[in-house]
Amino acid sequence: MCASFHPKDDLVVSASLDQTVRVWDIGALRKKTVSPADDILRLSQMNTDFFGGVDAVVKYVLEGHDRGVNWASFHPTLPLIVSGADDRQVKIWRMNDTKAWEVDTLRGHMNNVSCVLFHSRQDIIVSNSEDKSIRVWDATKRTGLQTFRREHDRFWILSAHPEMNLLAAGHDSGMIVFKLERERPAFSVSGESLFYVKDRFLRTFEYSTQKDTQLIPIRRPGSNTLNQGPRTLSYSPTESALLVCSDVDGGSYELYIIPKDSYGRGDTVQDAKRGVGGSAVFVARNRFAVLEKSTNQVLVKNLKNEIVKKSVLPIPTDAIFYAGTGNLLCRSEDRVSIFDLQQRIVLGELQTSFVRYVVWSPDMESVALLSKHSIVIADKKLAHRCTLHETIRVKSGAWDDNGVFIYTTLTHIKYCLPNGDSGIIKTLDVPVYITKIYGSTIFCLERDGKNRPIIIDSTEYVFKLCLLRKRYDQVMSMIKNSELCGQAMIAYLQQKGFPQVALYFVKDERTRFNLALESGNIEKALESAKKIDEKDHWYRLGVEALRQGNAGIVEYAYQKTKNFERLSFHYLITGNLDKLSKMMKIAEVKNDVMGQFHDALYLGDVRERVKILENVGHLPLAYITASVHGLHDVTERLAGELGENIPSLPKGGKKASLLIPPNPVLRAGDWPLLMVSKGIFEGGLDDAGRGGGAAEEDYDEVADADWGEGLDIGDVDSLPNGDIRTVLDGEEDGAHEENDEEGGWDLEDLELPPDSETPKTANSNARSSVFVAPTPGMPVSQIWVQRSSLAAEHAAAGNFDTAMRLLSRQLGIKNFTPLKSQFTDLHMGSQTYLRAFTSAPVLSIAVERGWSEQASPNVRGPPALVFDFSHLDEKLKAGYKATTSGKFSEALRHFSTILHTIPLIVVETRREVDEVKELILVAKEYVLGLQIELKRRELKDNPIRQQELAAYFTHCNLQLPHTRLALLNAMTVCYKAQNLSTAANFARRLLETNPSNESQSKTARQVLQAAEKNMKDATQLNYDFRNPFVVCGATYVPIYRGQKDVICPYCSTHFVPAQQGQICTVCDLSVVGSDASGLLCSPSQVR
């Protein structure tokens, strides 16, 4: 049934259905490789092969199985054979030079044994069977260690990896690859020492001397299973105490005290203190915490293993990690939190995928949470900084001296900067586990427990870190002294806004030109333009030089492009009349009549203009020009030529003025348009290759240049959501007079006591002669979807499904019914349609945002969107106006439309993003307030609830005129119900706003005066104005400070906990209390 070679000797072992295992000696085969010297020997060998040779001889026949033998294999190093047969038994055989015999039988399989082999690294035997199981046996004790089962598949074959600790097993429906034991050594770093477990011994490694020492033997747990090695270590340096944690039997720990005299001996056997617990870590000098999973609490113990304190954990916890003295980092399935054992409070919480390892920085200010395929960087309070995703498993990590997190995957050593940028440092042959980083040396543990220092080149990430922290002196030093180059580094610098630095890495002139323009380095751009010498580059250089006010380069660029019209105008505005005269002569030589006439106009040369008009045959125009400008000699001559066709000139009327250009007052070399400051890198980097004298001359030239004063332009910020006063002007006084179907604000006259005196308060491509059919490109809608994370652009592309998924993830939106019309409008608005031939379908053409003729036809812009932020501004003003007029249903419709449109708005700048977020809060407050007021009007027969709702309305964050009207309304309702104390409160608040309407002030003062005589409430309201609160958006009850609540992830309305999981009643979109990443409405947020 099988045959296999011996790993070293000339032996083959075979298994057969004749119930025997045979060992064959194949040594004679080696002799066949030597060719016989003569024909007689060659003939005899041929006969031997023909009639049954003696190349393979049976050395041993092993009998002992009762049925056919399926598999037999040699031990990699020892003279042992293992076999498996249909009698459900695994047998071990030993052999020497003369004989072979059975050693032992392993029983346990319930069906035919298919395959069996020795493990290459451990003293174990692995077998599989048709009973759907793989069994692992202890080769020394000859006992079963572990069994792995499948439900429906029989196992047939096994194979071991020649180098790695991997096994593969084939079954009915496929195969599995697995390892038997965890290979990561348990270790703990303390100061300059590393403590780790290897081969059942605790060892220490000194980083300074690189000395490895064996300390004490570690007892292995007693159960007969695999994975018996410890999982984690925790060390207390002051007490020389060590906690060894294992996953065996649901979790256990052992506490060892390391004797000071055991260093270098490592043979002291001590009885450790043991206990049961999910995980155990030191939290103080002589205190350690043990997790008790069954009760979800932490037991704090002393070094005698006695319980000192118990604390119930705030979240269901399956592991605990050290988080500073007296603090624990608790891990659950989807989050981690820091728990203070003394105060028993949660210091911080963070949602993250399942965390496997926790690595603190040396100063305990930053923490890295390592998951299977991601790394989350946070601060000591678990405030999120950045998240990094990997496609390959993350294995380990450590912080270097600069605050950069260095980590390993299965195949690489990588870095992660504080802002989330990452990169590869080194490729690995085998996985390693980082323990400590000193400068450019990384100390690692290999899987076999060997310490290995790895020297790395840290230039790249130190350079990026210096840029990030704005240490420009170090950046300049590294540019001059190190060999940083490559497209990746150039792209990084350009992306991070440092094109002037990238300029010094680039050799390609076109790239240098683009970077120089981007950074405003006009001199470098000029150097590259001279080498490229193309019209388009000269034109772009001229535009940038004009923007900077460098007249000399503008002139040079126009000369290179032969753009004489622009050049003439340039000479006019710089006052260079001499060169303008030369331009007129050039135009005359080139026979450019219009150019010559324009130059004569610019110069104010009337005789030249008359001469040009005369030369081209426009004698009437020439006569009029000469006559108007007082050239009598020319006029008489032209009159003679014209004869009777002399044009008549109008007489009288308004006094005319002649077109004579003014003489230039200042003829400067450079036009002082803008003050362009030199970048921090430019001076230092330009000096790198030249002496100091040349640099000083250049600086002197810059100092003498007439750049004028820098412009002092202040920021003039307009109101982000419109000024309400423009809407309310003239309407506030008339609020009472407007009366429509809803009855306005219902502000009636009050029956007040008599008045008393109260004090007042493109480029075009050349076409080939051979037609080449274009290849079909990617649809524009697909390009839009691939490039964007904005829901609006996905909806415009017609991918409603991905748009809804994005909105659900970003804002927790579940009810998309209100957004249906917006989705349709976005999609229709981003397309236009052209008729083709009669029989052909209509052509759909994508409409792009910000399209221009200069744009490259191969670069597709984002989709044009029908919703614009300015439209929302108009809606907001309409809502304000309707609110002022008391048309609450109409106002509610306007503000709800704003909330339904904002998820599909796209803006460009960060400032506009802030304005959008501010608009959400404004619209939310108005929707909530208007819903409360409309609810109040429905309740005709419940005066107490009416007063409460009127009171809550005054606590919505409205514009000041609306707040005054709400306060006046609440004051009126409460005064009528004889709740004088509450009415007095509203009157005070109204007077504090200094109302411009005198009648409002007068009414408030009278209510206050009447209430002071009897400061009591007739009925008790659920309203305490002294205790800060927010109003529940569904039940319209106050949620006072300190009470639990849940929040809508989109509009941030507060709700009572019972509303968790319901659709928000304010925005009518999101699920209350759901997790969301936040509003994404600008490409600047994605960059």
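Summary of the structure given here. Computed from a predicted structure; not experimentally measured.

Now for the overall build of the protein chain. In terms of helices and strands, the protein chain carries 31 helices and 48 strands. Surface accessibility of the protein chain: about 57700 Å² in total, with carbon and sulfur atoms responsible for 50%.

What follows concerns the sheet that holds strand β40 (residues 432-438). One open sheet accounts for three strands, arranged β40-β41-β42; its pairing is antiparallel. Only two strands of the sheet have a single partner each, and these edge strands are β40 and β42 (451-455). Recorded for the sheet is a direction-independent mean angle of 30 degrees between the axes of neighbouring strands. When β40 meets strand β41 (residues 441-446), the two strands line up antiparallel, connected through six bridges. Across the sheet, residue Ile437 finds its bridge partner in β41, namely Ile442.

To continue, consider the pattern of salt bridges. One pass over the full model with this rule turns up 31 salt bridges. A salt bridge links Arg452 to Glu446, with the shortest nitrogen-to-oxygen separation between them at 3.2 Å. Taking the relative accessible area as the measure of exposure, Arg452 reaches 26% and is therefore partly exposed. Residue class for Glu446 comes out buried when judged on its relative accessible area of 17%. As a salt-bridge pair, Arg547 and Glu544 come within 2.8 Å of each other at their nearest N and O atoms. Of this pair, Arg547 and Glu544 are both found in helix α9 (residues 535-548), three residues apart, which corresponds to roughly one turn of the helix. Taken together, the shared-partner salt bridges connect Asp334, Arg335 and Glu349 into one network.

Further remarks concern the packing of helix α24 (residues 869-884) against helix α25 (residues 888-901). Contact geometry of α24 with α25 gives a least axis separation of 8 Å together with a crossing angle of 155 degrees. By the angle between their axes, α24 is roughly antiparallel relative to α25. For the pair α24 and α25, the crossing hand works out as left-handed. Side by side, α24 and α25 meet where Leu872, Lys875, Leu876, Ala878, Gly879, Tyr880, Ala882 and Thr883 of the first sit next to Phe888, Glu890, Ala891, His894, Phe895, Thr897, Ile898 and Thr901 of the second. Class assignment of the residues belonging to the contact of α24 with α25 gives a composition of nine nonpolar, five polar and two charged.

With five of six residues buried, strand β32 (residues 355-360) is to be regarded as a mostly interior element. Bridge analysis of β32 against strand β33 (residues 366-371) gives five bridges, and the strand direction is antiparallel. Within β33, the residue paired with Trp360 across the bridge is Val367.

Looking now at the sheet that holds strand β25 (residues 287-292). Strand order across the open sheet formed by four strands is β24-β25-β26-β27, with antiparallel pairing between neighbours. The strands lining the two open edges of the sheet, one partner per strand, are β24 (280-284) and β27 (307-312). Each strand axis lies, on average, 30 degrees off the axis of its neighbour in the sheet, ignoring direction. Across four bridges, β24 lies against β25 in antiparallel orientation. If you follow Phe282 over to β25, its bridge partner there is Phe288.

Buried within helix α13 (residues 593-603) we find Gly595, Gln596, Phe597, Asp599 and Ala600. On the buried face of α13, the contacting elements are α11 (564-574), α12 (577-589) and α14 (606-615). The N-cap residue of α13 is Asp592: its side-chain oxygen and the backbone nitrogen of Gly595 are 3.2 Å apart. Just beyond α13, the residue with positive phi is Gly604, at close to 75 degrees.

Right, let's get into the environment of Gln548. With respect to the secondary-structure elements, Gln548 resides in helix α9. On the basis of relative accessible area, Gln548 is assigned to the buried category, the value being 4%. Within the structure, the side chain of Gln548 is placed 2.9 Å from the side chain of Glu544, a separation counted as a polar contact.

Judged by how many residues are buried, strand β29 (residues 327-331) sits mostly within the fold: five of five residues are covered. Here β29 shows two buried faces, one formed by Asn327, Leu329 and Arg331 and the other by Leu328 and Cys330. Counted along the chain from strand β28 (residues 319-322) to the antiparallel partner β29, the turn is four residues long, and its residue Gly324 has a positive phi close to 100 degrees. Examined bridge by bridge, β29 and strand β30 (residues 335-340) share five bridges and lie antiparallel to one another. Residue Leu329 lies in a different strand from β30, and its bridge partner there is Ile338. Here β29 hands over to β30 after three residues, the two strands then running antiparallel side by side.

Thresholds applied
- Residues numbered from 1 in each chain as written.
- Predicted model: local features only at pLDDT ≥ 70, side-chain atom pairs only at ≥ 80, totals over all residues.
- Heavy atoms only, no water.
- Helix = DSSP H or I, 4+ residues; strand = E, 2+ residues; numbered from the N terminus.
- Areas by Shrake-Rupley, 256 points an atom, 1.4 Å probe, with all protein chains shown as cover.
- Pairing = 2+ DSSP bridges.
- Axes fitted to C-alpha atoms, helices over the stretch in contact; angles between N-to-C directions.
- Salt bridge = Lys/Arg side-chain N within 4 Å of Asp/Glu carboxyl O.
- Buried < 20%, exposed > 50% of the residue type's maximum accessible area, 1.4 Å probe, protein only.
- Parallel < 35°, antiparallel > 145°, perpendicular 65-115°, else oblique.
- Left-handed = near helix turned anticlockwise from the far one by under 90°.
- Contact = heavy atoms within 4.5 Å.
- Nonpolar A, V, L, I, M, F, W, Y, C, P; charged D, E, K, R; others polar.
- Polar contact = N/O pair within 3.5 Å; in protein donor to acceptor, adjacent residues only side chain to side chain.

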